[in-house]
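A closer look at the structure
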Amino acid sequence: MSYSKETSLILDSTRGQEHLSSNQPLYYSSTFHQNTLGGNAEFDYARSGNPNRKLLEEKLAQLEGGRYGFAFSSGIAAITAVFLTLEPGDHVIIPDDVYGGTFRLTEQILKKFNIEFTTVDQTDLSQVESALQNNTKLIYVETPSNPLFKVTDIDEVGKIAHKNNALLAVDNTFMTPLGQSPLRLGADIVIHSATKFLSGHSDLIAGAVIVNDETLKDDIYLIQNGTGSGLSVYDSWTLTKHLKTLPIRFKQCVQNTEHVYRYLRDHEAIEAVYYPITNDTHLRQAKNGGAVLGFRLKDESKAQTFVDHLNIPLVSVSLGGVETILSHPATMSHAAIPEEIRSERGISNGLFRLSVGLEDVKELITDIDWALKEALYESNRSIKEPNFSS
Ligand SMILES: *Cc1c(COP(=O)(O)O)cnc(C)c1O
């Protein structure tokens, strides 16, 4: 029997077991007894496979509408596994604003193994086409991008890739499988940092790869088992439980983000808000704008004042948690980029990224409003807690 995404996330199959538990038991075991010598027991050694990772991987595949899911020890481990399906001499096209950790992986590690990378602005399809080479085997996309929420047309880039015998991989971390389904839009590989929305509780580091193709499945499994980068038993078990609330968490976070977007859009201290809800391409390929937005202060010298007067958001890297997280790309995720290139790309000190959590959105907006007023008027008033007693 086949369930909807939402129902299958909640049901852990325990039928046939002694106790019918609501959650799958934690099989905290590295090795499994074999009844028959040379027989083919489903599980023998936990790196190669175990019940907790298997259940999680089935749910990840179903979420993305794919056939095969794989859980990794981090988003970066998942991305590494995808790149390791390539051969020396292969060429890959990546976005010029790719996630910093992915850029470090390509520049400082994979280039040593003679895999070639070209960075382009993928929102401009002509740049993707002109970057193609005879040895291009993979086009790697992130949409919307970080931190300026630029949108790449997944379907069109997929057509370009396939016409040239290359594959399309999409890092779908920001939209989650509930907001955007790249496999249905023509992607061959979907990647997640499951650390973010899929886990949602800012407690574990995990990654996922989902594919449909049988050969790709075998390749990814060989790498997961052969490099030992699969997600641990315990984190697989925890992530499976966190997935049960993904639909309700994501729905509420998106709703809250839309409120914050409308509030920031009209604020006199704000120069620009970046949220893909007004982008036609995005609206064609995604169900909503997601739960992360960017905004830029008019006066970037007030960035610290703004942060000083916030009470609710965690000021931190990462996103997708139940708590609102405010990030400052210039000093956090993008600090390694030379200032000149950073400002060329619009990553100035006034730019913030907000991952909107599950707090009461009126309280959150009141908190941001207070801090923005302080940034606007920077007075010597003593700091008071905003009053939420209404
Ligand atoms: C966080 C993140 C990653 C890396 O994932 P980790 O779980 O931190 O290894 C990759 N891509 C995107 C878009 C991310 O936000």
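I will try to describe carefully the structure that is included in this document. These figures come from a predicted structure and were not determined experimentally.

**Quick notes on the overall build of the protein**
When helices and strands are counted, the protein shows 14 helices and 12 strands. Relative to its length of 390 residues, the protein is compact, with a C-alpha radius of gyration of 22 Å against a globular reference of 21 Å. The C-alpha extent of the protein, read off along each of the three principal axes, is 80 × 55 × 35 Å. Scored against the burial criterion, the 390 residues of the protein give a buried share of 53%.

**Quick notes on the site of the ligand**
Surveying the vicinity of the ligand reveals 13 residues, the closest of which are I76, D171, S193, T195 and K196. Taking D171, its side chain carries an N or O atom lying 2.7 Å from a nitrogen atom of the ligand. Note that an oxygen atom of the ligand is positioned 2.8 Å from one of the side-chain N or O atoms of K196. Calculation on the ligand without its partners gives an accessible area of 380 Å², and the protein chains cover 92% of this total. The element that contributes the greatest number of residues to the shell around the ligand is helix α3 (residues 75-83), accounting for 3 residues. By residue class, the composition of the shell around the ligand is 6 nonpolar, 5 polar and 2 charged.

Reading the values: rules and limits
- Position labels on residues start from 1 in each chain and follow its written sequence.
- Residues qualify for local features only when their pLDDT is at least 70, as the model is predicted, and side-chain atom pairs are given and counted only at 80 or more; totals for whole chains, interfaces and linings, by contrast, use all residues.
- Each side-chain value is derived from all of the structure's non-hydrogen atoms; neither hydrogens nor water enter the calculation.
- A run of H or I in DSSP becomes a helix once it reaches four residues, and a run of E becomes a strand once it reaches two; helices and strands are each numbered from the N terminus.
- Atoms counted for the radius of gyration: C-alpha only. Globule rule: 2.2 Å times residue count to the power 0.38.
- In this scheme, a residue with accessible area under 20% of its type's maximum is buried, one over 50% is exposed, and one in between is partly exposed, where area comes from a 1.4 Å probe on protein chains only.
- For this purpose, a residue is taken to be near a molecule or strand whenever a single non-hydrogen atom of the residue falls within 4 Å of it.
- A 3.5 Å cut-off defines polar contacts: any pair of N or O atoms within that distance qualifies, except that in protein one atom must be a possible hydrogen donor and the other a possible acceptor, and neighbouring residues in sequence count only when both atoms are side-chain atoms.
- Per-residue and other accessible areas follow the Shrake-Rupley method at a 1.4 Å probe size, with only the shown protein chains counted as cover for residues.
- When residue character is reported, Ala, Val, Leu, Ile, Met, Phe, Trp, Tyr, Cys and Pro are called nonpolar, Asp, Glu, Lys and Arg charged, and the others, Gly included, polar.

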